[in-house]
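# A look at the structure
If you want the building blocks of each chain, they are given just below.
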Amino acid sequence: MSAKDAPPPLPEPLLVEVADSHTHLDLQSGTVEEALVKAAAVGVTTVVQVGCDVKGSRWAAETAAAHENVHAAVALHPNEAPRIVLGDPDGRSRQGAREGGGDAALDDALTEIDRLAALPYVRGVGETGLDFFRTGPEGVAAQERSFRAHIEIAKRHGKALVIHDREAHADVLRVLDEEGAPERTVFHCYSGDAGMAEICAAKGYYMSFAGNVTFKNAQPLRDALAVAPLELVLVETDAPFLTPAPFRGRPNAPYLIPVTVRAMAEVRGIGENELAGAIAVNTARAFDY
């Protein structure tokens, strides 16, 4: 294993326990149990396992059912919806190459997400939203239809809505306004600027910050974190992606949350214990556990 592939070392434990509000244990190496033990050793005692397709959402629900400190969110990722409708000849997702099934196939997939969303250990509907980075104009209609359906599912089941917003800020906010956002709405891997943070704050949307808040070129994210109300701030890994500096490029996992929490505390000008305490309360409130 090269140094670049090696897992980063365990950080100093947090003294106040926190939750990783968004992780993908199914994409990480090692077992779920190993990941949870390692995370708990540094004060990360709860994780939200997030599904991105039907298979992953079923896995998230099963994993949450089996582990007291794992909560599930279930959804079709914004990039999954167009693949279901239009097909994915290049096999860019974990499903491999497939043909498009049209709107009927999207309806079938949404029916399954709806069924999973009703389960008690499923605490969120997501990640859903819009992604104009990976999906071209031909996929926008399927993404938006899927996003609107997920909003309805989240509201009907009283679950948190977990949003994936990539290069689509104005449209995500527009759809939320048009549909009426659920009571608890979380912008996962918050990627807007300070101006958008003020809009989210006014609407009571949670903003979850990931390891990219530590990146050199991420000053707009730090500016957003600085103005976000403390009671709306969450932390996440989005592991195995977005590993915080100085480990950028190596595999991420829930046990690295303390690195991001410390960087966030510095931006806010408060102690890490105060920030961790707020994050713990906010995440439990956002996901109703």
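It should be noted that the structure appears before, not after, this text.
Here the structure is a predicted model, which means the values were calculated and not measured.

## Quick look at the overall build of the protein chain
Tallying secondary structure elements over the protein chain gives 10 helices and 10 strands in all. Here the C-alpha atoms of the protein chain give a radius of gyration of 18 Å, agreeing with the 19 Å that 2.2 N^0.38 yields for 289 residues. Based on the C-alpha atoms only, the size of the protein chain along its principal axes is roughly 50 × 45 × 35 Å. Across the 289 residues of the protein chain, 54% fall into the buried class. Taking all contacts inside the protein chain whose residues are at least 6 apart in sequence as the whole, residues at least 24 apart take part in 71%. A total accessible area of about 11,900 Å² is found for the protein chain, and carbon and sulfur atoms account for 53% of it. Positive and negative side-chain charges of the protein chain, numbering 27 and 41 respectively, have mean locations separated by a distance of 2 Å.

## Here we look at unusual backbone geometry
The linkage connecting Gly126 with the following residue, Glu127, adopts the cis geometry, with an omega of 15 degrees. On the secondary structure map, Glu127 appears in strand β6 (residues 122–131). With an omega of 5 degrees, the peptide bond running from Ala245 to Pro246 counts as cis. The residue Pro246 is located in the loop between β10 (233–235) and α9 (257–268) in this model. For Glu167, which is not glycine, the phi torsion reads 55 degrees and is therefore positive. Inspection of the secondary structure assignment puts Glu167 in the loop between β7 (160–166) and α6 (169–179). Note on Glu167: relative accessible area 52%, which makes it exposed. For Asp238, which is not glycine, the phi dihedral falls at a positive 55 degrees. Relative to the helices and strands, Asp238 is located in the loop between β10 and α9. Since its relative accessible area comes to 10%, Asp238 is described here as buried.

## Some details on the packing of aromatic side chains
For the coordinates displayed, the defined rule picks out two aromatic pairs. Across the ring face of Phe133, the terminal group of Arg166 is positioned such that the distance to the ring centre comes to 3.6 Å. Over the ring of Phe215 we find Arg248, and its NZ or CZ is 3.7 Å from the ring centre.

## Section: helix α1 (residues 32–41)
Residues of α1 that are buried: Val32, Ala35, Leu36 and Ala39. Angular distribution of buried residues about the axis of α1 spans 95 degrees; they occupy a single face of the element. In the core, the buried residues of α1 are packed alongside β2 (44–50), α2 (54–66) and β3 (70–74). Phi turns positive, to about 95 degrees, at Gly43, one or two residues after α1.

## What about the sheet that holds strand β9 (residues 206–209)?
Within the open sheet, the eight strands sit side by side as β1-β2-β3-β6-β7-β8-β9-β10. Their pairing is parallel. Two strands lie at the open edges of the sheet, namely β1 (18–23) and β10, each paired on one side alone. Across the sheet, the mean angle separating the axes of adjacent strands is 30 degrees when strand polarity is ignored. When β9 meets β10, the two strands line up parallel, connected through three bridges. Looking at the pairing, Phe209 lines up with Val235 of β10. Along the sheet, helix α5 (residues 140–157) contacts β6 and β7; its crossing angle with β6, the most-contacted strand, is approximately 155 degrees.

Criteria and thresholds
Residues numbered from 1 in each chain as written. Predicted model: local features only at pLDDT ≥ 70, side-chain atom pairs only at ≥ 80, totals over all residues. Heavy atoms only, no water. Helix = DSSP H or I, 4+ residues; strand = E, 2+ residues; numbered from the N terminus. Rg over C-alpha atoms; globule rule 2.2 N^0.38 Å. Buried < 20%, exposed > 50% of the residue type's maximum accessible area, 1.4 Å probe, protein only. Contact = heavy atoms within 4.5 Å. Areas by Shrake-Rupley, 256 points an atom, 1.4 Å probe, with all protein chains shown as cover. Lys, Arg positive; Asp, Glu negative; His and termini not counted. Charge placed at Lys NZ, Arg CZ, Asp CG, Glu CD. Phe/Tyr/Trp six-rings, centres within 6.5 Å; stacked < 30°, edge-to-face > 60°. Lys NZ or Arg CZ within 6 Å of the ring centre and 35° of its normal. Arc of directions from axis to C-beta. Pairing = 2+ DSSP bridges. Axes fitted to C-alpha atoms, helices over the stretch in contact; angles between N-to-C directions.

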